[in-house]
Amino acid sequence: QVYIRRIMDIMKNLDKQKLQIKNILNDVRGVQRDINSVSDTSGRSFDICEKVVFDAAKSSDRGSASAGLKAYENLATLREGFDSLVKTVEDTGRTKNEIRAYETQIEALEAQNTGLNMKR
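Since the structure is predicted, the reported quantities are computational estimates derived from the model, not experimental observations.

Focus: the overall build of the protein
When its secondary structure is counted, the protein shows two helices and zero strands. Counting the 120 residues in the protein, one finds 10% classified as buried. Within the protein, residue pairs in contact and separated by at least 24 positions form 74% of the contacts whose partners lie at least 6 positions apart.

A few points about the pattern of salt bridges
Tallied over the full model, the rule gives five salt bridges. Its salt-bridge partner being Asp 47, residue Arg 79 comes within 3.0 Å of it at the nearest N-O pair. With Arg 79 in helix α2 (residues 62-119) and Asp 47 in helix α1 (residues 2-59), this residue pair connects regions lying 32 residues apart in the sequence. Its salt-bridge partner being Asp 91, residue Arg 94 comes within 2.7 Å of it at the nearest N-O pair. Placement of the pair is Arg 94 and Asp 91 together in helix α2, with a separation of three residues, close to one helical turn. For Asp 91, a relative accessible area of 29% gives the class partly exposed. Through salt bridges with shared partners, a single ionic network connects Asp 47, Glu 50 and Arg 79.

Focus: the packing of aromatic side chains
Summed over all chains, the structure comprises two aromatic pairs. Their ring planes at 55 degrees and their centres at 5.9 Å tell us that Phe 54 and Tyr 72 sit as a pair that is tilted. Taken together, the positions of Phe 54 in helix α1 and Tyr 72 in helix α2 put the pair 18 residues apart, joining distant regions of the chain. Accessibility expressed as a relative area gives 42% for Phe 54, which makes it partly exposed.

Comments concerning α1
For α1, which comprises 58 residues, the first-to-last C-alpha distance of 84 Å matches the rise-based estimate of 86 Å (1.5 Å per residue) to within 8%. Every buried residue belonging to α1 is among Arg 6, Gln 17, Gly 30, Ile 35, Ser 42, Gly 43, Phe 46, Val 53 and Ala 57, and all of these are buried.

Notes on the environment of Ala 56
Here Ala 56 is to be found in helix α1. Separated by 12 residues in sequence, Ala 56 and Gly 68 have C-alpha atoms that sit 6.7 Å apart.

Here's the deal with the side chain of Gln 17
Among the structural elements, Gln 17 can be located in helix α1. Other than its neighbours up to four places away in sequence, Gln 17 contacts Glu 107 and Ala 108.

Definitions and cut-offs
- Residues numbered from 1 in each chain as written.
- Predicted model: local features only at pLDDT ≥ 70, side-chain atom pairs only at ≥ 80, totals over all residues.
- Heavy atoms only, no water.
- Helix = DSSP H or I, 4+ residues; strand = E, 2+ residues; numbered from the N terminus.
- Buried < 20%, exposed > 50% of the residue type's maximum accessible area, 1.4 Å probe, protein only.
- Contact = heavy atoms within 4.5 Å.
- Salt bridge = Lys/Arg side-chain N within 4 Å of Asp/Glu carboxyl O.
- Phe/Tyr/Trp six-rings, centres within 6.5 Å; stacked < 30°, edge-to-face > 60°.
- Expected span 1.5 Å × (residues − 1).

Structure below.
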């Protein structure tokens, strides 16, 4: 009867872990979809903005050409900053996934350790 109870506890833990894994995978997919959407939208926006600023700088006279050039440089800096931000968000997501994987491994090892202790 002790073994049956232990097996039932293990089954409950497995069901709980499966649910947690399913929720985590859904979260990861949602975050990845959001990251891709924002990256695509920002890429298109930056491309359009870059074209407009470049054309404005090219067609302006000498006095405002330096202002157009400065605006173009600022836009390039903004794009680099945004790309860096997206990379940081992706790295953070990857790190969180690794943490969750380690937590799952810890829980599995603790359950295994409990099972070994029950045998003793």
